Amino acid sequence: MSALAPAHEALTILIADDSATDLLLLSTIVRRQGHQVLTAANGREAVEVFTRARPQLVLMDALMPVMDGFEAARWIKQLSGEALVPIIFLTSLTDSADLAECLDAGGDDFLAKPYNPLLLAAKINAMDRLRRLQATVLQQRDLIAKHNDYLLHEQRVAKAVFDKVAHSGCINAAPNIRYLQSPYALFNGDLLLAAYTPSGDMHVLLGDFTGHGLPAAVGAMPLAEVFYGMTAKGYGLTQILREMNAKLKRILPVDMFCCATLLCLSTDRRVVEVWNGGMPEGYVLEVTTGKRTPLASRHLPLGVLSAELFDDRTEVWPVALGDRVFLLSDGVLETADANDRLFGVERLQQVFDTNREPDRLFDDIEQALVAFRGEARDDVSMVEITLRSGLATRATGPLYADSGQSCPRDWSVNFEFRAETLKRYNPLPYLLQLLLEIHGLRAQSGALYSVMAELYSNALEHGVLGLDSLLKRDAQGFAEYYRQRNERLAQLDSGYVRVQVQVVPNGAGGTMTLRIEDSGPGFDVEKVLAQPMDIDRLSGRGLGLVRQLSRDIRWSDGGRCVCVEFSWEALA
Amino acid sequence: MSVESVVSPDGKKLTIVIKGRFDFSSHQLFRDAYEPFYKAPDTYIVDLKDTTYLDSSALGMLLLLRDHAGGDESEVRVINSNSDVRKILAISNFDKLFDIN
């Protein structure tokens, strides 16, 4: 293409020159190249014409009366804002300092007099390319900004919906939970859930989905539903984990999964039960000794393995009042400094070691991260749960829509759970659901569940499995106790736990008798009951709890059979 | 980062070599390294000798490869990982799915 050929789009070009001859000559050349021409005889006129007609390109003489080209160029650049209006200085100046001033004033190029039409056309074309480039960049920037606003709006709405699901738990209400999480953590794939079980234990989940954005958030929704639904119904970690894993395996694409730590913290039993699949190790922080017990990842993340291969084994650790459980996301460990070094476990451990005030642990970690990196990342999640005494809050259970007219009033049922069942099945949620068919018992569902859970695990662990609760007198024995429990359960090939429920009406109210019997050798009831209830003892906690929560408890058959009663009055 | 794939002369072994950061940006390159082969190799080897870092999307990509290679029946080996990379693989317990050394 010849440089004299017209540009593919005609431009409006302002020419400012105080020499009428030069102005005429230049106008003729530019018009011949196919452009529209506006003219000005000095800088001030040039600014006026520019303001009025907004030309796309300016050819500006440097030295003019009234206002020179340099000042006019500054004005025009200011008026044109972000859009690029190229200014080509027309000059007979040859001194480099003068030429440099043309550029300093906002000029984009210069053209030496006398004019060479070929060079002029080429320069106009080159400047037009730059102008278009700038216009495209601005347009795309605005488009991106618009899309970004739109995305943020969508995220706000999605988050509002998600919060209804995710925060139906106790994460904000529980006085013993502290956490730190970006408000948009959901879109980083981080997920933090907490809820009380019917017996007043607390379930906490810290999860981290692969990937970011909407895909991560979409997986979080069903996970939260399973967590809250099953926790409220009294399911244990094992069943909840299995359900979560199966659900995620079914709905997520192959390359997506969810690293997670799920734990159950029991104030009554002074234990924490943990399953960690793919999360960085959390810690149990002992308040008296400062000892840290790592809660290491032992499993593949959720959503990777099929139900048959999924490993639901948990670990159980003793905790004392004031002890803390601390969990964190990989955003903490993978915070990188300018040289791509990772913050890592060792630096985190140092923060633990130097931390003097437990309440300032989060701040200390954050400070260390900022000092290491220079700024905070938005995908850092931490949570800390403290074991506190006092009456546990219990799950209120699902809301019931029935009127009570059809409530079963006079019935009994017997179950016998044998070895193959005891090994792998937890009948408690099912039994609780059955008992909550009785309206009068719903208000006591928490106490009912706690008592049932204690008596069932006594029957299983001390009765059928023959475990000695005295083992649990110190932390080491405690771990040994749970090791033996798992081992004996795996090898179990005989034995049973029988559960009998009997409901009889009494006026408008009624009485439910729960009878649990096991195949074990029994125990010396009077001797055990005569022992003082030592609140800080790790062993024998269950019985104290049962005696607090139920009105009447009786053993028979040499301790092999236990009976409790729950009564209710007419409903208001 | 770069992804290279090398097939053994008998066509039974495919080695995928990943250099630099192994993260979401290598998604397409990684898939291109094993998907086009008409005749599936028996063994897949992911060589991480020059891999400086891997993130959870890289773990996801390994799962995709495993799935492509036949899931539970597959033979996928992950070799030569440095200590940082090995830590990440260990936390996720990927040694239960892959032969890692």
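Residues numbered from 1 in each chain as written. Chains lettered and ligands numbered in written order. Predicted model: local features only at pLDDT ≥ 70, side-chain atom pairs only at ≥ 80, totals over all residues.

Per an unreviewed UniProt entry, chain B is named Anti-anti-sigma factor, and its organism is Pseudomonas rhodesiae.

Per an unreviewed UniProt entry, chain A carries the name Histidine kinase-like ATPase domain-containing protein and comes from Pseudomonas rhodesiae.

A. Focus on the overall build of chain A. Secondary structure assignment for chain A yields 17 helices and 20 strands. Taken over the C-alpha trace, chain A has a radius of gyration of 38 Å; the compact-globule value for 572 residues is 25 Å, which it surpasses by more than 25%. The principal-axis extents of the C-alpha atoms in chain A amount to approximately 125 × 55 × 40 Å. Counting only residues that meet the buried cut, chain A has 38% of its 572 residues in that class. If you take every contact in chain A between residues at least 6 apart in sequence, the share linking residues at least 24 apart comes to 70%. (Helix = DSSP H or I, 4+ residues; strand = E, 2+ residues; numbered from the N terminus. Rg over C-alpha atoms; globule rule 2.2 N^0.38 Å. Buried ≥ 20, exposed ≤ 12 C-beta atoms within 10 Å, placed from the backbone. Contact = placed C-beta atoms within 7 Å.)

B. Quick peek at the overall build of chain B. Tallying secondary structure elements over chain B gives three helices and six strands in all. Listing the helices and strands of chain B from first to last along the sequence gives β-β-α-β-β-α-β-α-β. A globule of 101 residues ought to have a C-alpha radius of gyration of about 13 Å, and chain B, at 12 Å, matches this closely. Taken along the three principal axes of its C-alpha coordinates, chain B extends 35 × 25 × 20 Å. Across the 101 residues of chain B, 36% fall into the buried class. Taking as baseline every contact in chain B between residues at least 6 positions apart, the subset at least 24 positions apart corresponds to 65%.

C. Inspection of helix H3 (residues 83–91) of chain B at higher detail. Residues and elements named next belong to chain B. Listed as buried for H3 are Val85, Ile88, Leu89 and Ile91. Mapping the buried residues of H3 onto a view down its axis gives an arc of 165 degrees, with all of them on the same face. Contact partners of the buried residues in H3: strand S4 (51–54) and strand S6 (99–100). Asn93 lies just past H3 and shows a positive phi near 60 degrees. (Arc of directions from axis to C-beta.)

D. How the structure looks around the domain arrangement of chain A. For chain A, the assigned domains read domain 1 (12–137), domain 2 (167–386) and domain 3 (411–568). Using C-alpha coordinates to define each centre, domain 1 of chain A is positioned 64 Å away from domain 2 of chain A. (Domains from an automatic or database assignment.)

E. Layout of the interface of chain B and chain A. The partner chain A presents 15 residues to the 14 residues of chain B that form the contact. Here the side of chain B that touches chain A takes eight residues from helix H2 (residues 56–68) of chain B, the largest share from any one element. Counted by class, the side of chain B that touches chain A contains six nonpolar, five polar and three charged residues. (Nonpolar A, V, L, I, M, F, W, Y, C, P; charged D, E, K, R; others polar.)

F. How the structure looks around the sheet that holds strand S9 (residues 258–266) of chain A. Residues and elements named next belong to chain A. Taken in spatial order, the five strands make up an open sheet running S7-S8-S9-S10-S13, and their pairing is antiparallel. Whereas interior strands pair on both sides, the edge strands pair on one side only; in this sheet they are strand S7 (190–196) and strand S13 (315–318). Neighbour-to-neighbour, the strand axes of this sheet turn through a mean angle of 15 degrees, independent of strand direction. Of the strand pairs in this sheet, strand S8 (residues 202–209) and S9 are connected by eight bridges, and their pairing is antiparallel. Residue pairing in the sheet places Met202 in a bridge with Leu265 of S9. Along the sheet, helix H6 (residues 213–232) makes contact with S7, S8 and S9, crossing S7 at roughly 10 degrees. (Pairing = 2+ DSSP bridges. Axes fitted to C-alpha atoms, helices over the stretch in contact; angles between N-to-C directions.)

G. Geometry of the confidence of the model for chain B. Mean pLDDT over chain B works out to 89, with 100% of the residues at or above the 70 mark. Both scores are available for the predicted complex, with the pTM at 0.72 and the ipTM at 0.88. (pLDDT = per-residue confidence, 0-100.)

H. Representation of the UniProt feature "domain: STAS" (unreviewed entry) in chain B. As recorded in UniProt, the feature "domain: STAS" (unreviewed entry) lies at residues 14–101 of chain B. Secondary structure content for residues 14–101 of chain B is 34% helix and 27% strand, and the end C-alpha separation is 17 Å. (UniProt positions renumbered as here; feature names shortened; annotations may be inferred.)

I. How the structure looks around the UniProt feature "modified residue: 4-aspartylphosphate" (unreviewed entry) in chain A. All names here are of chain A. Cross-referencing UniProt, the feature "modified residue: 4-aspartylphosphate" (unreviewed entry) maps to Asp61 in the present numbering. Residue position: Asp61 is located in strand S3 (residues 57–61). If we ignore the near neighbours within four places in the chain, the residues touching Asp61 are Ala16, Asp17, Asp18, Gly69 and Leu90.

J. Focus on helix H1 (residues 20–32) of chain A. All names here are of chain A. An ideal rise of 1.5 Å per residue puts 18 Å on 13 residues; H1 measures up with 18 Å between its terminal C-alpha atoms. Burial in H1 covers these residues: Leu23, Leu26 and Val30. Projected down its long axis, H1 carries its buried residues within an arc of 75 degrees, all on one side. Within H1, the exposed residues directed more than 90 degrees away from the buried face are Ala20, Thr21, Thr28 and Arg32. Where H1 is buried, its residues contact strand S1 (12–16), strand S2 (36–40) and S3. Residue Gly34 follows H1 closely and has a positive phi angle near 100 degrees. (Expected span 1.5 Å × (residues − 1).)

K. Broad picture of the UniProt feature "domain: Response regulatory" (unreviewed entry) in chain A. Within this numbering scheme, the UniProt entry marks residues 12–128 of chain A as carrying the feature "domain: Response regulatory" (unreviewed entry). Counted over residues 12–128 of chain A, helix gives 49% and strand 21%. Its end C-alpha atoms are 11 Å apart.

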